[in-house]
Each structure stands twice: as C-alpha cells, then as structure tokens.
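If you want the building blocks of each chain, they are given just below.
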Amino acid sequence: MKKLIIGMLALAVLASCSSKKSLHHQNKQIEKVANKQTAGNYTNYTVTSYIQRFKGIAITEMNRYGIPASITMAQAILESGTGKSDLAKYANNHFGIKCTSDWKGKGYYKDDDKKDDCFRVYKNPEESFRDHSEFLKRKRYAFLFELDKDDYVGWAKGLKQAGYATNPKYPDLLISLVERYDLHQFDKPEGKYEKIKREDKVLSDINRNIPNEPRKDKEKDATPILAGDNYLVQQGDTLYNISKRFGLTVDELKALNNMTDDYIKIGQALKVKK
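Because the structure is predicted, anything quoted here is derived from the model rather than measured. (Residues numbered from 1 in each chain as written. Predicted model: local features only at pLDDT ≥ 70, side-chain atom pairs only at ≥ 80, totals over all residues. Heavy atoms only, no water.)

1. Let's talk about the layout of surface pockets
Computed from the structure, the largest pocket encloses a volume of approximately 690 Å³. If you trace the largest pocket, you find 24 residues lining it, with Ile77, Gly81, Thr82, Leu248 and Thr249 closest to the centre. Examining the composition of the lining of the largest pocket, we find that four residues originate from one element, helix 7 (residues 170–180), more than from any other. Lining the second largest pocket are 18 residues, and of these Thr38, Tyr42, Lys89, Asn92 and Pro125 sit closest to its centre. Those elements that place two or more of their residues in the lining of the second largest pocket are helix 1 (2–38), helix 2 (47–65) and helix 4 (86–91). (1 Å grid on protein atoms, 1.4 Å probe; cavity = no way out; pocket = protein on both sides within 12 Å on 5 of 7 lines; lining within 4 Å. Points joined across faces, edges and corners; volume = space filled by probe spheres on them. Helix = DSSP H or I, 4+ residues; strand = E, 2+ residues; numbered from the N terminus.)

2. Focus on helix 7
Side chains that are three or four residues apart share a direction in an α-helix, a result of its 3.6 residues per turn. Within the sequence span of helix 7, burial applies to Tyr170, Pro171, Leu173, Leu174, Ile175, Leu177 and Val178. If you follow the buried residues of helix 7, they end up packed against helix 3 (69–80), helix 6 (152–161) and helix 9 (239–245). Immediately downstream of helix 7, the backbone of Asp182 shows phi near 55 degrees, a positive value. (Buried < 20%, exposed > 50% of the residue type's maximum accessible area, 1.4 Å probe, protein only. Contact = heavy atoms within 4.5 Å.)

3. Quick notes on empty space enclosed by the protein
This structure, assessed with the given rule, holds two cavities of 30 Å³ or more. The volume enclosed by the largest cavity comes to roughly 110 Å³. Per-element accounting of the lining of the largest cavity gives the leading share, three residues, to helix 9.

4. With respect to the pairing of strand 1 (residues 107–110)
Where strand 1 lies against strand 2 (residues 117–120), four bridges are found, and the strand directions are antiparallel. Each residue of the ladder has a partner; that of Lys110, found in strand 2, is Asp117. Between strand 1 and the antiparallel strand that follows it, strand 2, lie six residues; Asp116 among them carries a positive phi value of about 60 degrees. (Pairing = 2+ DSSP bridges.)

5. Quick notes on the pattern of salt bridges
In this structure the tally under the stated criterion is 15 salt bridges. Where Asp205 meets Lys137, a salt bridge forms, and the shortest distance between an N and an O atom there is 3.2 Å. Here Lys137 lies in the loop between helix 5 (125–136) and helix 6 and Asp205 lies in helix 8 (residues 192–209), a separation of 68 residues in the sequence. Owing to a relative accessible area of 5%, Lys137 belongs among the buried residues under this scheme. What emerges from the salt-bridge pattern is a single network uniting Glu134, Lys137, Lys201, Asp205 and Arg208. (Salt bridge = Lys/Arg side-chain N within 4 Å of Asp/Glu carboxyl O.)

6. Regarding the nonpolar core
Counting residues in hydrophobic clusters, the biggest one holds 44 residues, and the most contacted among them are Tyr141, Phe145, Leu159 and Tyr164. For this core, the elements supplying multiple residues, two or more each, are helix 2, helix 3, helix 5, helix 6, helix 7 and helix 8. At eight residues, helix 2 tops the list of elements feeding residues into this core. Membership of the second largest hydrophobic core comes to 11 residues, among which are Tyr231, Leu239, Phe246 and Ile264. (Core = buried A, V, L, I, M, F, W, Y, C linked by side-chain atoms within 4.5 Å.)

Structure below.
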C-alpha cells in the first residue's frame with residue numbers, strides 16, 4: 001500500500017512538471033512568433049506616443065458602442081503599462097483580459113491572481129481593443145451602455161461596481177489618467193436620437209450574448225490585502241501587478257521600499273502609498 005501511495009505521488013509530481021513545461025513551451029512559442037514579427041524591436045512608448053498610436057481605434061470603438069474613448073485609453077495605459085508589459089509585447093493584450101471558458105484563441109500564461117493564469121493572445125493590438133469592447137458586452141456591464149458616451153466618471157465608477165476590478169481605487173486611477181492626459185478630449189457627446197439608436201443596438205447584442213456567456217467571468221484583480229499603508233505580498237504576486245493595482249510604476253514601488261532588485265516573498269510588507 002505504501003509503495004502504491006508513493007507511486008501515485010510520483011505520478012502527480014511528474015504530471016505537474018509536465019503541465020508546467022507545456023505552459024512554458026506555449027509561452028516560448030508565442031514569444032518566438034512575436035520576436036519574428038517585430039525583429040525584436042518593440043516600440044518603447046511614452047504615454048504621449050502611446051495615446052497617439054491608439055486613440056484612433058479607441059474613438060472608433062466609442063462611436064460603435066458608446067464606451068468613452070477616454071476610458072478605453074485609460075484602461076489600456078493602466079493595464080498594459082503603456083504598452084511595456086509582456087502581455088502587450090508578446091500577446092498584444094493591452095487590457096489584461098483573461099481566457100474565459102468561451103475563449104477559443106491561444107493563451108499566454110503568467111502569475112497574476114493565481115499561478116499560471118491564462119491571458120488571451122491577439123494577432124495585433126487593434127484586435128485587443130476590439131475584444132475589449134466585445135468583452136464588455138455582457139449582462140453585468142449592460143447598465144454602463146445607458147450612460148452618455150462622454151461620461152467617463154460614470155464609466156470609471158460603473159466598471160468597479162460591475163466587478164471589472166476589485167481594487168477599490170480603480171475608478172480613481174482611471175479618472176486620474178483621463179484628467180492628467182486630457183483623454184476626455186476624445187469623447188464626443190451624442191444627440192438624444194443617436195443615443196437611443198446606439199443603446200438599442202448594443203443592448204440587443206448583449207441580450208443575444210447572454211445564453212453564451214460563461215457562468216462566472218474570472219475577476220481580474222485579487223483583493224488588495226492592506227496593513228496600514230502596506231500591501232502584504234500574496235502567492236503569484238509580482239512587482240508589476242502590485243504596482244499596477246496601486247497606480248505606481250515598478251521603479252516608484254522599488255524606490256518606496258528601498259529595493260535594489262525585483263525579489264519579493266509571500267507575506268512581505270510593501271509600502272504602496274507615497
């Protein structure tokens with residue numbers, strides 16, 4: 001009996017190692033394709049150049065569905081680290097959207113809320129922006145499409161209310177980005193007739209999507225565990241995803257904690273308020 005148990009444990013360990021190798025191999029393949037397409041020359045965006053690059057598609061999506069272009073841009077800047085994150089570079093994923101049960105495309109694996117979370121892979125950044133709009137066309141976000149398409153404050157608060165992110169500061173982070181970089185200049189008001197026509201179309205789409213929606217979309221951000229002004233490091237945390245939750249850059253987070261390298265450990269208290 002003892003030998004049988006040992007054998008079963010060994011098989012479980014081997015299966016786990018095999019699974020990790022498989023995920024690692026998938027990531028390497030995706031990175032290889034991305035490196036080939038770009039010849040390894042990834043654009044080092046500034047916030048200004050990032051806005052110039054993607055404002056056009058954000059405006060297009062706003063005119064189609066009513067999501068303020070300012071909100072789309074603020075989310076993209078926040079979630080992608082201004083296009084510098086591995087997800088943005090290798091997977092063209094600028095919104096941190098995960099692989100829900102209805103996703104049929106490839107996955108890129110990274111530690112986030114849990115170890116080896118699966119994130120969607122896109123052919124190009126534009127596809128990521130379009131899927132962001134499609135992702136929001138779900139029942140729990142339906143009330144947002146009844147807002148004016150230049151109501152970025154309502155959208156920022158509504159996204160948190162609908163469960164897009166669990167970070168209590170998420171609305172403030174988005175609003176701060178919108179106002180700091182004048183992203184609201186891309187938002188255009190619409191007439192009463194235009195709004196009714198747009199609402200009818202989007203809400204009809206949402207109603208058609210309801211039967212095919214996953215039972216429960218995975219939440220994007222783990223609930224921050226705070227002790228005073230400090231965040232307690234959890235399993236799967238990285239400096240990048242911690243800094244993203246609290247509206248900091250990785251360099252700012254390291255400076256706050258007098259860190260000289262990127263090493264963190266579970267239970268470590270990191271100062272997250274300036």
